[in-house]
Amino acid sequence: HVARAVVHFFEGSVDLFTDTLAVGMVRPQDARLLANRGWYFWGLGACGRDEEARTIAADVVREAESTGIPWTIVAAMHGVGRAFADVDPDRSLAAYRRGVNLARSSGNRWWYAITGSEMGALEARAGEPGDALDCFAEILPFVWEAGDTIGLHRVFAWLVGVFDRLDHPETAAT
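Residues numbered from 1 in each chain as written. Predicted model: local features only at pLDDT ≥ 70, side-chain atom pairs only at ≥ 80, totals over all residues. Heavy atoms only, no water.

Caption draft 1: Representation of the environment of Met119 within the structure. Tracing the backbone shows Met119 in helix α8 (residues 109-125). The class of Met119 is buried, set by a relative accessible area of 9%. In this structure the C-alpha to C-alpha distance between Met119 and Ala58, which are 61 residues apart in sequence, comes to 20 Å. Setting aside its immediate chain neighbours within four residues, Met119 contacts Leu93, Tyr96, Arg97, Val100 and Cys135. (Helix = DSSP H or I, 4+ residues; strand = E, 2+ residues; numbered from the N terminus. Buried < 20%, exposed > 50% of the residue type's maximum accessible area, 1.4 Å probe, protein only. Contact = heavy atoms within 4.5 Å.)

Caption draft 2: Representation of helix α9 (residues 129-146) within the structure. Compared with an ideal rise of 1.5 Å per residue, which puts 18 residues at 26 Å, α9 spans 26 Å between its outermost C-alpha atoms and is within 8% of the ideal. Within α9 the residues assigned to the buried category are Ala132, Cys135, Phe136, Ile139, Leu140, Phe142 and Val143. Contact partners of the buried residues in α9: α8 and α10 (149-165). Immediately beyond the C-terminal end of α9, within one or two residues, lies Gly147, with a positive phi of roughly 70 degrees. (Expected span 1.5 Å × (residues − 1).)

Caption draft 3: Structural context of the packing of α9 against α10. It is the contact of α9 with α10, at a shortest axis distance of 10 Å, that shows an interaxial angle of 160 degrees. Classified by the angle their axes make, α9 and α10 are roughly antiparallel. The chirality of how α9 crosses α10 is left-handed. Between α9 and α10, the residues in contact are Ala132, Leu133, Phe136, Ile139, Leu140, Val143 and Trp144 and Gly151, Leu152, Val155, Phe156, Trp158, Leu159, Val162 and Phe163, respectively. Within the contact of α9 with α10, the residues separate by chemical class into 14 nonpolar, one polar and no charged. (Axes fitted to C-alpha atoms, helices over the stretch in contact; angles between N-to-C directions. Parallel < 35°, antiparallel > 145°, perpendicular 65-115°, else oblique. Left-handed = near helix turned anticlockwise from the far one by under 90°. Nonpolar A, V, L, I, M, F, W, Y, C, P; charged D, E, K, R; others polar.)

Caption draft 4: Seen up close, the nonpolar core. Residues Phe41, Trp111 and Val155 are the most contacted members of the largest nonpolar core, which totals 48 residues. For this core, the elements supplying multiple residues, two or more each, are α2 (14-25), α4 (35-46), α5 (50-67), α6 (70-84), α7 (89-106), α8, α9 and α10. By residue number, the principal contributor to this core is α6, which donates eight residues. If near-sequence neighbours (up to four positions away) are discounted, Phe41 is found in contact with Ala53, Ile56, Ala57, Val60, Ala76, Gly79, Val80 and Ala83. (Core = buried A, V, L, I, M, F, W, Y, C linked by side-chain atoms within 4.5 Å.)

Caption draft 5: Quick look at unusual backbone geometry. Positive phi is not limited to glycine here, since Asp167 has a value of about 65 degrees. The exposure class assigned to Asp167 is exposed, which follows from its relative accessible area of 62%.

Caption draft 6: Quick peek at the layout of surface pockets. The volume enclosed by the largest pocket comes to roughly 330 Å³. If you go around the largest pocket, you meet 15 residues; those closest to its centre are Phe10, Trp39, Trp110, Ile114 and Arg154. Breaking the lining of the largest pocket down by element, the ones donating at least two residues are α1 (2-10), α4, α8 and α10. Ranked by residues supplied to the lining of the largest pocket, first place goes to α1 with four residues. Of the residues that constitute the lining of the largest pocket, the class distribution is 10 nonpolar, two polar and three charged. (1 Å grid on protein atoms, 1.4 Å probe; cavity = no way out; pocket = protein on both sides within 12 Å on 5 of 7 lines; lining within 4 Å. Points joined across faces, edges and corners; volume = space filled by probe spheres on them.)

Caption draft 7: Structural context of the confidence of the model for the protein chain. In the predicted model, the protein chain carries a mean pLDDT of 86, and 98% of its residues have values of at least 70. Looking across the protein chain, the model is least confident in helix α3 (residues 30-33), with a mean pLDDT of 68, and most confident in α7, with 95. (pLDDT = per-residue confidence, 0-100.)

Caption draft 8: Region of interest: the side chain of Asn108. Following the sequence through the fold, Asn108 ends up in the loop between α7 and α8. Setting aside residues no more than four positions away along its own chain, Asn108 makes contact with Trp71 and Ala103.

Caption draft 9: Representation of the packing of α2 against α4 within the structure. Between α2 and α4, whose axes approach to 8 Å, the crossing angle comes to 150 degrees. Classed by the angle they form, the pair α2 and α4 counts as roughly antiparallel. Judged by the twist between their axes, the crossing of α2 over α4 is left-handed. Each of Phe17, Thr18, Leu21, Ala22, Gly24 and Met25 in α2 lies in contact with α4, whose residues at this interface are Asn36, Arg37, Trp39, Tyr40, Trp42, Gly43 and Leu44.

The structure is reproduced here in structure tokens:
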């Protein structure tokens, strides 16, 4: 269900994204990896359903931790980061940091770029622009060396937002 859901997401149908994942997360196959549940959790936040995401956060994190699978735990940390970003930035940043560290230590460049770029963007919004720039300075070479052009576009997009937030529109535009 994750692949089908991602298509909906890129088409801009975020409600279909979460609806598809909701179907997938109750299937027996999802009990081990929790892939649908992890993306559903994040998707709720991406759809503006943060309160709903916060309601299930503790359960998703507990289930993810019980798998011992780094990908699954990082997905849960990413979801916590998104769900709490607007109401508890410190909790959100702590979850993002844990996710980034686990992604890095397990060699998961994809999660490292995604979680790290969102962490950097939140650092900028939470009033720590220097930390945001440090975050992007660490992530960019890692993503560049991986040859991950999609991840690279994502990192650059968030970085443009940081420069804009720092009131450097010329830097953001170049």
